[in-house]
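One letter stands for each residue in the lines below.
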Amino acid sequence: RGFKMSIKSVSGNLLFHINTSNTDLKKGDLIHSGKILNPLFKQFYQNDILLNGYHKNIHEYINYYWHFTRETIFEDIRKKYFPHLPSRKKCLFLCDEKNVDYWINAKITSENYNILLLKVFGEIFKADTLFIDQTIPNYSNYLPNLAYVEECAKDYWSGHIIFSNKVEYLFYGDAEIVDIKKY
């Protein structure tokens, strides 16, 4: 298997971030990424699961822990084969204009979100989330085996793009908020 890696430096490029965690942001603010856990991963390390609260059925528990397991495998593969690429744990997830609608429809579960137009300075890695989507449990049939998840992770980190509408960018660096659209 030949690995193709598409990391590049960016300086002033305009990309989008769908923000569900910080509503106090304003134009001109700087977002720094790459040094600490991003909000997606903070939940795994800082939040307890209430057994009688938010997670009400076994499928929600399975999904929560499967998400953590999958991301841990993806991170292990990155560290082993692609250590120079940005970590999903510490990056800022970005998309380009043509994929904003996909990300809103496919991934947003919160009613409180906004879309940030960012001017980015740093490094980005372009990846196809098809390889992540292929590891989502199908509760009526199976949970994918871990060897399969590892192969999907290798394809993801290799930078192979199959579906351009599912592209995400993992960003390390500084991002200046140029515009905010609230929804």
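Residues numbered from 1 in each chain as written. Predicted model: local features only at pLDDT ≥ 70, side-chain atom pairs only at ≥ 80, totals over all residues. Heavy atoms only, no water.

## Details of the overall build of the protein
Okay, so step 1: When its secondary structure is counted, the protein shows 5 helices and 5 strands.
Okay, so step 2: Along the protein, helices and strands appear, N-terminal first, in the series β-β-α-α-β-α-β-α-α-β.
Okay, so step 3: Counting every position in the protein, which comprises 183 residues, the buried fraction comes to 44%.
Okay, so step 4: Of all intrachain contacts in the protein linking residues separated by at least 6 positions in sequence, the fraction that spans at least 24 positions is 87%.
Okay, so step 5: Split by element, the accessible area of the protein, about 10500 Å² in all, is 52% carbon and sulfur. (Helix = DSSP H or I, 4+ residues; strand = E, 2+ residues; numbered from the N terminus. Buried < 20%, exposed > 50% of the residue type's maximum accessible area, 1.4 Å probe, protein only. Contact = heavy atoms within 4.5 Å. Areas by Shrake-Rupley, 256 points an atom, 1.4 Å probe, with all protein chains shown as cover.)

## With respect to helix H2 (residues 58-81)
For an α-helix the count is 3.6 residues per turn, leaving residues at separations of three or four pointing the same way.
Okay, so step 1: Helix length check: H2 (24 residues) gives 34 Å between terminal C-alpha atoms against 34 Å at 1.5 Å per residue, within 8%.
Okay, so step 2: Summarising the contacts, the buried residues of H2 are in contact with helix H1 (39-46), helix H4 (130-133) and helix H5 (146-158). (Expected span 1.5 Å × (residues − 1).)

## Quick word on the packing of aromatic side chains
The geometry of an aromatic ring pair comes down to the distance between the two centres and the angle between the two planes.
Okay, so step 1: Tallied over the entire structure, the rule returns 8 aromatic pairs.
Okay, so step 2: Judged by centre distance (4.9 Å) and plane angle (90°), the ring pair of Tyr-156 and Trp-157 falls under edge-to-face. For the residue pair Tyr-156 and Trp-157, the accessibility class agrees, reading buried in each case.
Okay, so step 3: Joined through ring pairs, the aromatic side chains of Phe-74, Phe-125, Tyr-156 and Trp-157 make up one cluster. (Phe/Tyr/Trp six-rings, centres within 6.5 Å; stacked < 30°, edge-to-face > 60°.)

## Section: H5
Okay, so step 1: Taking 1.5 Å per residue, 13 residues should reach 18 Å; H5 reaches 18 Å between its end C-alpha atoms and fits that length.
Okay, so step 2: Within H5, the full set of buried residues consists of Val-149, Cys-152, Ala-153, Lys-154, Tyr-156, Trp-157 and Ser-158.
Okay, so step 3: Where H5 is buried, its residues meet H2, strand S4 (114-128), H4 and strand S5 (167-182).
Okay, so step 4: The N-terminus of H5 is capped by Asn-145, whose side-chain oxygen sits 3.1 Å from the backbone nitrogen of Ala-147.
Okay, so step 5: Of the residues trailing H5, Gly-159 is marked for its positive phi of about 85°. (Polar contact = N/O pair within 3.5 Å; in protein donor to acceptor, adjacent residues only side chain to side chain.)

## Comments concerning the packing of H2 against H5
Okay, so step 1: Running from N to C, H2 and H5 point in directions that differ by 55°, and their axes come no closer than 9 Å. With respect to H5, the element H2 is oriented oblique. Crossing geometry of H2 relative to H5 is assigned as right-handed. Across the interface between the two elements, Trp-66, Thr-69, Arg-70, Ile-73, Phe-74, Ile-77, Arg-78 and Tyr-81 from H2 touch Leu-146, Val-149, Glu-150, Cys-152, Ala-153, Lys-154, Tyr-156 and Trp-157 from H5.
Okay, so step 2: Among the residues making up the contact of H2 with H5, the classes are represented as 11 nonpolar, 1 polar and 4 charged. (Axes fitted to C-alpha atoms, helices over the stretch in contact; angles between N-to-C directions. Parallel < 35°, antiparallel > 145°, perpendicular 65-115°, else oblique. Left-handed = near helix turned anticlockwise from the far one by under 90°. Nonpolar A, V, L, I, M, F, W, Y, C, P; charged D, E, K, R; others polar.)

## Thoughts on the packing of H1 against H2
Helix-helix packing: each pair is described by the crossing angle between the helix axes and the interaxial distance.
Okay, so step 1: Relative to each other, H1 and H2 sit at 115°, their axes nearing to 11 Å. In terms of their interaxial angle, H1 and H2 are classed as roughly perpendicular. Judged by the sense of rotation from one axis to the other, the crossing of H1 with H2 is left-handed. Only Tyr-64, His-67, Phe-68 and Glu-71 of H2 make contact with H1, whose side of the interface consists of Leu-40, Phe-41, Gln-43, Phe-44 and Tyr-45.
Okay, so step 2: The class makeup of the residues in the contact of H1 with H2 is 6 nonpolar, 2 polar and 1 charged.

## Looking at the environment of Phe-68
Okay, so step 1: If you trace the backbone, Phe-68 turns up in helix H2.
Okay, so step 2: Separated by 23 residues in the primary sequence, Phe-68 and Tyr-45 have C-alpha atoms spaced 9.9 Å apart.
Okay, so step 3: With sequence-adjacent residues up to four places away left out, Phe-68 is seen in contact with Phe-44 and Tyr-45.

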